[in-house]
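Structural description and commentary
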Amino acid sequence: MYKKIINNKNEMKDFGYRLAEILKNGDVLSLVGGMGAGKTTLTQFIGEGLDIKEYITSPTFSIVQSYQGKKEVNHIDLYRIEDARELESIDMDQYLYPEGITIIEWASRAPEYMPRNKMDIFIDSIDEEKREIRIEGKNNWEQKLIKELEI
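All values reported here derive from a predicted model rather than from experimental measurement. (Residues numbered from 1 in each chain as written. Predicted model: local features only at pLDDT ≥ 70, side-chain atom pairs only at ≥ 80, totals over all residues. Heavy atoms only, no water.)

Moving on, we come to the packing of aromatic side chains. As enumerated under the stated definition, the model contains 2 aromatic pairs in all. Considering the side-chain rings of Tyr2 and Phe15, the 6.4 Å spacing of their centres and the 20° angle between planes classify their relative orientation as stacked. Pair noted here: Tyr2 is in strand 1 (residues 2–6) and Phe15 is in helix 1 (residues 9–22), with a separation of 13 residues, a long-range link. Note on accessibility: Tyr2 and Phe15 belong to one class, buried. Here Tyr79 and Trp106 contribute two aromatic rings whose centre-to-centre distance is 5.0 Å and whose plane-to-plane angle is 55°, an arrangement assigned as tilted. Note that Tyr79 is positioned in the loop between strand 4 (72–77) and helix 3 (93–96) and Trp106 in the loop between strand 5 (101–105) and strand 6 (119–125), a separation of 27 residues in sequence. The class of Trp106 is buried, set by a relative accessible area of 17%. Sitting over the ring of Phe122, Arg134 keeps its end group 4.6 Å from the ring centre. (Phe/Tyr/Trp six-rings, centres within 6.5 Å; stacked < 30°, edge-to-face > 60°. Helix = DSSP H or I, 4+ residues; strand = E, 2+ residues; numbered from the N terminus. Buried < 20%, exposed > 50% of the residue type's maximum accessible area, 1.4 Å probe, protein only. Lys NZ or Arg CZ within 6 Å of the ring centre and 35° of its normal.)

You will see that Asp51, though not glycine, has its phi angle at about 60°, which is positive. With respect to the helices and strands, the residue Asp51 is situated in the loop between helix 2 (39–49) and strand 3 (64–68). With relative accessibility at 36%, the residue Asp51 sits in the partly exposed group. Here the phi dihedral of Ile63 falls at roughly 75°; this positive angle occurs in a residue that is not glycine.

Further remarks concern the nonpolar core. Burial of nonpolar side chains together is a common tendency in soluble globular proteins. Membership of the largest hydrophobic core comes to 29 residues, with the highest contact counts inside it found for Leu19, Ile46, Ile121 and Leu145. Counting residues per element, the ones that place at least two in this core are strand 1, helix 1, strand 2 (28–32), helix 2, strand 5, strand 6, strand 7 (131–135) and helix 4 (140–150). Counting residues per element, this core draws most heavily on helix 1, which supplies 5 residues. Setting aside residues no more than four positions away along its own chain, Ile46 makes contact with Gly16, Leu19, Ala20, Leu23, Leu29 and Ile103. The next biggest cluster of nonpolar side chains, apart from the first, holds 16 residues, and it includes Ile63, Leu96, Trp106 and Met114. (Core = buried A, V, L, I, M, F, W, Y, C linked by side-chain atoms within 4.5 Å. Contact = heavy atoms within 4.5 Å.)

For the rest of this paragraph, the subject is helix 4. Here helix 4 has its buried residues at Glu142, Leu145, Ile146 and Leu149. The arc enclosing the buried residues of helix 4, seen along the axis, measures out at 100°, which places them on a common side. Structural note: helix 4 exposes Asn140, Lys144 and Lys147 on the side pointing more than 90 degrees away from its buried face. Close packing links the buried residues of helix 4 with strand 1, helix 1, strand 2, strand 6 and strand 7. Where helix 4 begins, one side-chain oxygen reaches toward the backbone nitrogen of Trp141, 3.1 Å away; that side chain belongs to Asn139. (Arc of directions from axis to C-beta. Polar contact = N/O pair within 3.5 Å; in protein donor to acceptor, adjacent residues only side chain to side chain.)

With that settled, consider the pairing of strand 2. Most of strand 2 is tucked away, with 4 of its 5 residues classed as buried. Where strand 2 meets strand 6, 4 bridges bridge the pair, whose relative direction is parallel. Bridged to Val32 within strand 6 is Phe122. (Pairing = 2+ DSSP bridges.)

Next comes the structure, spelled out in structure tokens:
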């Protein structure tokens, strides 16, 4: 298990940049946390770390946004879907088995569509600025990510 306390936005930025260094094409991240936990903020910092020039926003209404930097980043937000079958109208395979990196918010709304190789990063709010980041290491991909973060 990996745990890290993030005390402020600058530390979240450092963590996002570190993830950007580690992530490889084909990686799928699931960011898990309540409203306002920092899922989109972390995605923005990963994007900055990958030299994405566009401002990354939550794709709540469009479901998917793609950005190009050093690597392609697909940002998916499933918060507004009411039924997982809504994803059938989108070619989800290209995002869940990507050539680039895919970051998903609210993946729990469509668990049957999620790939087994996704890495769950839990973000828990401690107070206004402070967050706890947790990766449980429940699969080979998460264990590999933990090992890289600990270097």
